[in-house]
Amino acid sequence: MIKAAVLGYGTVGSGVVEVIEGNNAQISKKAGDELHVKYILDLRDFPGDPYEDRVIHEFDTILNDPEISVVCEVMGGVGAAYQFTKQCLEAGKSVCTSNKELVARHGAELLETARSNRCNYMFEASVGGGIPLIRPINSALTAEKILEVKGIVNGTTNYILTKMEKEGADYNEVLKKAQELGYAERNPEADVEGHDACRKIAILASLVTGKNVDSEKVFAEGITEISNDDFAFANEAGMTIKLLAICRLMEDDSVLAMVAPFMVPMDNPLATVNDVFNGVLITGNMLGDALFYGRGAGKLPTASAVVADVIDCARHQGKTVICMWEKEEARLADAAEIQRGFFVRAREAAKGDVEAAFPGGRLLDVPGHSGEFGYFTPVMREKDFLKKYQELGDKVLGKIRLL
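Residues numbered from 1 in each chain as written. Predicted model: local features only at pLDDT ≥ 70, side-chain atom pairs only at ≥ 80, totals over all residues. Heavy atoms only, no water.

(A) Local environment of the overall build of the protein. Within the protein, the regular secondary structure consists of 14 helices and 18 strands. Over its C-alpha trace the protein gives a radius of gyration of 23 Å, about what one expects of a compact globule, namely 22 Å for 403 residues. Dimensions of the protein, computed from the C-alpha atoms along their principal axes, are close to 75 × 50 × 35 Å. Nonlocal contacts in the protein, meaning residues at least 24 apart in sequence, comprise 71% of its contacts between residues at least 6 apart. Surface summary for the protein: the accessible area is close to 17,400 Å², and the carbon and sulfur share equals 48%. Taken as two groups, the 44 positive and 60 negative side-chain charges of the protein have centres that lie 3 Å from each other. (Helix = DSSP H or I, 4+ residues; strand = E, 2+ residues; numbered from the N terminus. Rg over C-alpha atoms; globule rule 2.2 N^0.38 Å. Contact = heavy atoms within 4.5 Å. Areas by Shrake-Rupley, 256 points an atom, 1.4 Å probe, with all protein chains shown as cover. Lys, Arg positive; Asp, Glu negative; His and termini not counted. Charge placed at Lys NZ, Arg CZ, Asp CG, Glu CD.)

Take a look at the structure:
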C-alpha cells in the first residue's frame, strides 16, 4: 500500500483527498498499488468532515512516519511550505505540489534535493491547473528543441478581459464580480499586475532552458490600464486583447521571458481562449505548434494534476524522474531590445504628432469614437517606441503590444 499525506486542507487540499477517494480504484490500478491518504495536516479541526479522523496538527508525525512515501504540499506560500518540503525530500519522501510561488523561487534547489535523496519533486499543478504542461515538456516533447512557449496562464485576468470585451463591462465592475465568484483574491494585485503569470512563465522557461529563470527578473505589465475603448479599436481591427506570458529562445541563446497585454489577431488560437480558461502554445523546431487548453485553476482540476503527480511518484519509488532544471542562472534577453509593432490610442487632435513620431504606420478610426483614434506603428524596438510614446505626453491615451 502507498500511504500519502496532504499538507493543507483548504480548497486544493480537500480536492486532492476528494480525487483520491472518489477515483481510488482506478488511481490505485494506475499507481500499481493501493493508494491511501493517512494524514491531513492543518492547524484547524474539521468536525463533521468525512476525513476528520485523519487530520493532525504536528508536521513531525508525517516526517517521522516511515510508511509515508508521498506528500502533497498544497499549503501555499514559501515559509512553512518550503521548510516542510525540504525536510520531506531530505527524508526520501516525494513531494507533489500546486505551489507556484514556491516552485518559481526554489524549484532548482528542491529538484536537486530530490535527486540527492532518490525521490521526486513534482509540480504539474503549479502551471495551468489541470492542463498537462510540465509532463509533456519533460517527456512527450523531449525530442524537440522548444523555441517558444506563449499563452494565457491566469484565469482571473482572462475572465476580466473577456467580460470587458463581450459585455462592455467596466474593469472595476468586472473585478468586483470576479472577487464575488472567488476567481480573484480580496487583494488582486498578484493576478492583475501579472505577478502570478510571471511565476508560471518562469517555471516553464526554466524547464525549456534547463537553467534557472528568476521570476523576479521577468518583465511584467498587468491589465489595469486596459479600457473598453481599447477593445473597441481591437475589435474593429479584427483582434482581441489577452494577457500573455511568453518565453522565447533567442538566436544568441538568451531567453526572453515576459508578461504583458497583447492585441491578438482573431485567427490566432489564443484569441478564442475565454473566461477562466487557459491556453498555451508550445512551439518545437520539428513539431511546430501544439496547443494545450483547459481549466487553468479550480479545486478539482488542480487537485487532479496533483494526484497525477502522486501516481507518477508511486510508479517511480526509489528512482528520480529526470527533470532538466539546474541552479545555473539563464541569461535573460532585454525586453526593451525586442522588435514588434504597437497599438497607440490617442486624441484626435494629435494625429499629425503620432504619425510624425511613428512614420509608416496605419491609422484606425472606430465609428462612435470621435475625439480619439487608433494607430498601428511599424515594427520597432520597444525602447525606441517607449521613448517616442512618452514624449507625446497627454496626447496619447494608451498603448498595447501587437502579437
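(B) Looking closely at the packing of helix α1 (residues 11-22) against helix α12 (residues 299-315). Where α1 contacts α12, the two axes come as close as 8 Å, and the packing angle between them is 65 degrees. Relative to α12, α1 is oriented so that their crossing is right-handed. For the pair α1 and α12, contact is made by Thr 11, Val 12, Ser 14, Gly 15, Val 16, Glu 18, Val 19 and Ile 20 and by Lys 299, Leu 300, Thr 302, Ala 303, Ser 304, Val 306 and Val 307, respectively. Residues of the contact of α1 with α12, tallied by class, amount to eight nonpolar, five polar and two charged. (Axes fitted to C-alpha atoms, helices over the stretch in contact; angles between N-to-C directions. Left-handed = near helix turned anticlockwise from the far one by under 90°. Nonpolar A, V, L, I, M, F, W, Y, C, P; charged D, E, K, R; others polar.)

(C) Region of the structure containing the environment of Leu 287. With respect to the helices and strands, Leu 287 occurs in the loop between β11 (277-284) and β12 (288-295). With 77 residues separating them in the primary sequence, Leu 287 and Gly 210 have C-alpha atoms 20 Å apart. In contact with Leu 287, other than residues within four places in its own chain, are Leu 141 and Glu 144.

(D) Focus on helix α4 (residues 80-90). Within the sequence span of α4, burial applies to Ala 81, Tyr 82, Phe 84, Thr 85, Lys 86, Cys 88 and Leu 89. The first or second residue beyond α4 is Gly 92, which carries a positive phi of 80 degrees. (Buried < 20%, exposed > 50% of the residue type's maximum accessible area, 1.4 Å probe, protein only.)

(E) Structural view of the packing of helix α7 (residues 155-167) against helix α8 (residues 171-180). The geometry of α7 relative to α8 is characterised by a closest axis approach of 9 Å and an angle of 130 degrees between their N-to-C directions. Considered as vectors, α7 and α8 are oriented oblique to each other. Two packed elements cross with a definite hand, and for α7 against α8 that hand is right-handed. Along its contact with α7, which presents Tyr 159, Ile 160, Lys 163 and Met 164, the element α8 presents Tyr 171, Val 174, Leu 175, Lys 177 and Ala 178. Residues that form the contact of α7 with α8 fall into these classes: seven nonpolar, no polar and two charged. (Parallel < 35°, antiparallel > 145°, perpendicular 65-115°, else oblique.)

(F) Representation of the nonpolar core within the structure. The biggest cluster of nonpolar side chains holds 85 residues, and the ones touching the most others in it are Tyr 121, Phe 123 and Ile 160. The element best represented in this core is helix α10 (residues 195-209), accounting for nine residues. Setting aside anything within four residues of it in sequence, one finds Tyr 121 in contact with Thr 85, Leu 89, Val 95, Thr 97, Leu 102, Val 103, Leu 110, Leu 111 and Ala 114. (Core = buried A, V, L, I, M, F, W, Y, C linked by side-chain atoms within 4.5 Å.)

(G) Fine view of the sheet that holds strand β5 (residues 94-97). Spatial ordering of the open sheet is given by β3-β2-β1-β4-β5-β6, a layout of six strands whose pairing is parallel. The sheet terminates laterally at β3 (55-56) and β6 (121-122), the two strands that pair on one side only. Bridge count for strand β1 (residues 2-7) against strand β4 (residues 68-73) is five bridges, and the pairing is parallel. Within β4, the residue paired with Ala 5 across the bridge is Val 71. Together, β1, β2 (35-41), β4, β5 and β6 form the strand contacts of α12, whose direction differs from that of β5 by roughly 160 degrees. (Pairing = 2+ DSSP bridges.)

(H) α7, seen in detail. If you check α7, its first and last C-alpha atoms are 17 Å apart, about what 13 residues at 1.5 Å a residue would give, namely 18 Å. Burial of α7 is extensive: 10 of the 13 residues sit out of reach of the surface. Along α7, the residues that are buried comprise Gly 155, Thr 156, Thr 157, Asn 158, Tyr 159, Ile 160, Leu 161, Thr 162, Met 164 and Glu 165. Of the residues flanking the start of α7, the one acting as N-cap is Asn 154, its side-chain oxygen 3.2 Å from the backbone nitrogen of Thr 156. (Expected span 1.5 Å × (residues − 1). Polar contact = N/O pair within 3.5 Å; in protein donor to acceptor, adjacent residues only side chain to side chain.)

(I) Examining the pattern of salt bridges more closely. The final tally for this structure, using the stated rule, is 34 salt bridges. Glu 124 is the partner of Arg 135 in a salt bridge, and the nearest nitrogen-oxygen pair spans 3.8 Å. Of this pair, Arg 135 sits in helix α6 (residues 134-140) while Glu 124 sits in the loop between β6 and α6, placing them 11 residues apart in sequence. One network of salt bridges, with partners in common, ties together Glu 221, Arg 340, Glu 382, Lys 399 and Arg 401. (Salt bridge = Lys/Arg side-chain N within 4 Å of Asp/Glu carboxyl O.)

(J) Quick look at the state of the cysteines. For the coordinates displayed, the defined rule picks out zero disulfides. Among the cysteines around Cys 119, which has no disulfide bond, Cys 313 carries the closest sulfur, lying 8.3 Å off. For Cys 119, a relative accessible area of 2% puts it in the buried group. (Disulfide = S-S within 2.5 Å.)

(K) Molecular detail of the pairing of β2. Along β2, five of the seven residues are buried, which leaves the element largely enclosed by surrounding structure. Bridge analysis of β2 against β3 gives two bridges, and the strand direction is parallel. In the strand pairing of β3, Ile 40 is matched with Val 55.

(L) Up close: the packing of aromatic side chains. The tally for this structure, following the rule as stated, stands at 11 aromatic pairs. Centroid distance Phe 59 to Phe 84: 4.0 Å. Interplanar angle 10 degrees. Geometry classified as stacked. Within this pair, whereas Phe 59 is found in helix α3 (residues 59-63), its partner Phe 84 is found in helix α4, the two being separated by 25 residues in sequence. When the ring of Tyr 121 is compared with that of Phe 123, the centres are 5.7 Å apart and the planes differ by 50 degrees; the resulting orientation is tilted. Accessibility assignment for this pair places Tyr 121 and Phe 123 in one class, buried. An aromatic cluster is built from Phe 342, Phe 358, Phe 385 and Tyr 389, whose rings are joined through pairwise contacts. Its end group placed over the ring of Phe 373, Lys 351 keeps NZ or CZ at 5.7 Å from the ring centre. Here Lys 399 stacks its cationic end above the ring of Tyr 389, 5.9 Å away from the centre of that ring. (Phe/Tyr/Trp six-rings, centres within 6.5 Å; stacked < 30°, edge-to-face > 60°. Lys NZ or Arg CZ within 6 Å of the ring centre and 35° of its normal.)

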